Structures are given as structure tokens and as C-alpha cells.
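Examination of the molecular architecture
Chain by chain, the residues run as shown.
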Amino acid sequence: MQHDDSWIGATLRATRDLTPGIREFTLVPDEGALAYPTGAHLRIRLDVAGRMTVRHYSLVGAAPRDGAWRIAVQREDAGRGGSRAMWALQPGARLTISRPASHFELAAGATEVLLLAGGIGITPILGMAEALSRRAARFRLLYAGRTRAAMAYLPELAAMLGDALVVCAEDEAGRPDLDAIFAALTPGGEAYVCGPIGLLGAARRAWTAAGRPPASLVFETFGSSGNATPRDFTVRIPRLGREVLVPADSSMLDALEAAGIGVLSDCRRGECGLCALEVLAVEGSIDHRDVFFSDRQHAEGRRICACVSRVAGAGITIDPPWRGDASLTPGQEGQRQPGLTG
Ligand code: FES
């Protein structure tokens, strides 16, 4: 996906706590809140512990409301700091944001649509549900979460969707039976999934096992959910003669960029694969958090998506794919490598 890299100003009009851990932010862009496609997100520039970083947030709802865009942010106390920076904002705060863009758009013409949201993954799915309701399309929304109290927008969704909303609270009914859910979908049906990496992996496996076409499963992740608690680790790049510490609250991509080592990237959510780097060795294990590589590629561990994946352990040694003139100095060599410069 190509981004429109022009940034615009916006004002935070209001915040609203949807659950104890999820807060809605109403943003008024200076140039007016234009319409956006389903599944759209915007990017926000945030100062996280003195470093300017960019975070992506899905827009809530199928259209602007009262001249404003809405996003919802789950507070992640053990995360990289973006959500804490968002939660520190007060109404009236000035922000620098991007215009909305979507790579998670709802297609037209499916015989039936299944929307599957896990936790904060409801944010792009809610607008899809609104759009499908308006089209009088045949669809269901399966909304999974730990407890009802932790699931945002439940009252609005229940009022809008009635029986088309299926709530799967883990403390009541366990995790959703994706095999049964996909089996009940009509031939030609499509599924749109947004949620944590575990849900996406399970959906992908169940979809494949059901013999359904891969292109009919459309998914988006928020790229921050992994198997291990984030901790510091070291990235070694022997051909550049460099070692970079990745703090627990930073992505590997952000740390490399902060060290002056440029890595090609686009989505920064583990979806496009552009930031993937070759792995030479790992001290510990890779906590893959991308949806670009297959389960088999994750198990092989030959490449890592630097924007979201981390190391559970002391460190990782990487090497860019380019093999070139050994007479170049490490700095010059780095500048000629596709995918990594520094
Ligand atoms: S930038 Fe897209 S997967 Fe990392």
C-alpha cells in the first residue's frame, strides 16, 4: 500500500472510555473530516519517550460523525509506549495525522460475509458491519473477547445488528470454534478478520483446512500481539560492524532507524513483508508477530519482519540479502543494499 505522505493537523475534540482499557478519541482534522473507505486507518505522529514515532489506528464507523473521525486505543502498559502516549492526551491537544487509507476494504458481491473481530480488532470491523447493514447484505459479526466488560462498542453493535451479532466471551463460552463457523458459511462466502496474531493464525489454519480459497479470507492485524513479553535484545549486523540495542518499548525497525540504519518498510504492521530481514543466528527464539510469512516460514525462522517481530532472548544476527563488493567499507556497503541501508 502506498501512503499519502502529506501530514495534516488535527485537534482532539473529546475522549470517551469505552471499557476500563479502551478509550475512544474524536479527532477533528483541520481540513475537515472527509469520507473514507471501509477498513481505513490513519497514522498519528507521537512523541514516545523523546522519540518521534508513528502509530496506526483504524477509524471507527463507516463514515465521519459530527465532522470528526473516531479511533479507539487499547492501553498496553507493557507495550511500546504508543498507547500510553495516546492516553495521556487531553481534549484540545494538537496532533499531526495522516489522511485515512485502507488496505482492508470490503469487496462487493460475496454470497455471504462473515466478520470476525477479536478484542480491539473490532475497530475496523464496526464500520464494515455498518456498511453491510446499509446494503442489506447477508452477513454475521462474530465478536470474540476475554469478557463482555472488556469488549468495546457492544451496546451499539447489539442495537444495530440484533441476531447478526454473535458474542463469544471467553469467560462464558471459551474460544470460538472456527471450524464450525467456517463450515456454516455458504460456498462463495468471504471472511474479514481483525484481531490478535493468535486469532489470525487460527483463522488462517481453519480456513485452509475447510478448503476455502485463500483470497476469500481477508485479514488485518494490529501488529502488537506476540507470544512473549517484550524485553530488550541486541541486533548484530556483522557486515556493517554494528550492534543495536532494541529496547522493550521499541520495535526492531524503530531501533534500527534510530541508529541510522534504514530499513525498507511500508505497512509497519507485519502485513506487507517489505521490512523482512535475513536471519543468521538467534540467541533465544523469534517471537513472530507478522501475518506475512506462513506458519512453515515462521518455524524455519530464516527471516524476520522487523516492524513487529521481536526476539525472546539475548539477541539476533541479521544479514541483508545483497552480496557485493567486499572492498566497500561497511558504511558504503550498507548504502547499496536493497532493504537495508546505514
Ligand atoms: S513494514 Fe510491512 S511487514 Fe514490516
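As a starting point, this report considers the structure included with it.

Quick notes on the rules
Residues numbered from 1 in each chain as written. Predicted model: local features only at pLDDT ≥ 70, side-chain atom pairs only at ≥ 80, totals over all residues. Heavy atoms only, no water. Salt bridge = Lys/Arg side-chain N within 4 Å of Asp/Glu carboxyl O. Helix = DSSP H or I, 4+ residues; strand = E, 2+ residues; numbered from the N terminus. Buried < 20%, exposed > 50% of the residue type's maximum accessible area, 1.4 Å probe, protein only. Polar contact = N/O pair within 3.5 Å; in protein donor to acceptor, adjacent residues only side chain to side chain. Contact = heavy atoms within 4.5 Å. Pairing = 2+ DSSP bridges. Axes fitted to C-alpha atoms, helices over the stretch in contact; angles between N-to-C directions.

1. Details of the pattern of salt bridges
Per the counting criterion, the structure on display carries 21 salt bridges. Where aspartate 295 meets arginine 205, a salt bridge forms, and the shortest distance between an N and an O atom there is 3.1 Å. On the criterion of sequence distance, the pair formed by aspartate 295 in helix α8 (residues 295-300) and arginine 205 in helix α6 (residues 197-209) is long-range, its members being 90 residues apart. Glutamate 271 is the partner of arginine 269 in a salt bridge, and the nearest nitrogen-oxygen pair spans 3.7 Å. Each of the two residues, arginine 269 as well as glutamate 271, counts as buried.

2. Comments concerning the side chain of serine 98
Tracing the chain through its elements places serine 98 in strand β6 (residues 94-98). The class of serine 98 is buried, set by a relative accessible area of 1%. Side-chain polar atoms of serine 98 contact the backbone nitrogen of arginine 43, separated by 2.8 Å. Residues contacting serine 98, with those up to four places away along its chain left out, are Ser6, Trp7, Ile8, Leu42, Arg43 and Trp69.

3. Focus: the sheet that holds strand β13 (residues 233-237)
On the basis of which strands lie adjacent, the open sheet formed by five strands has the order β14-β13-β18-β16-β17 and mixed pairing. Both outer strands of the open sheet, β14 (242-246) and β17 (303-305), are each paired with one neighbouring strand and no more. Within this sheet the neighbouring strands show an average axis-to-axis angle of 40°, counted without direction. Bridge count between β13 and strand β18 (residues 310-319): three bridges; the pairing is parallel. Each bridged residue has a counterpart across the sheet, and for arginine 236 the counterpart in β18 is threonine 317.

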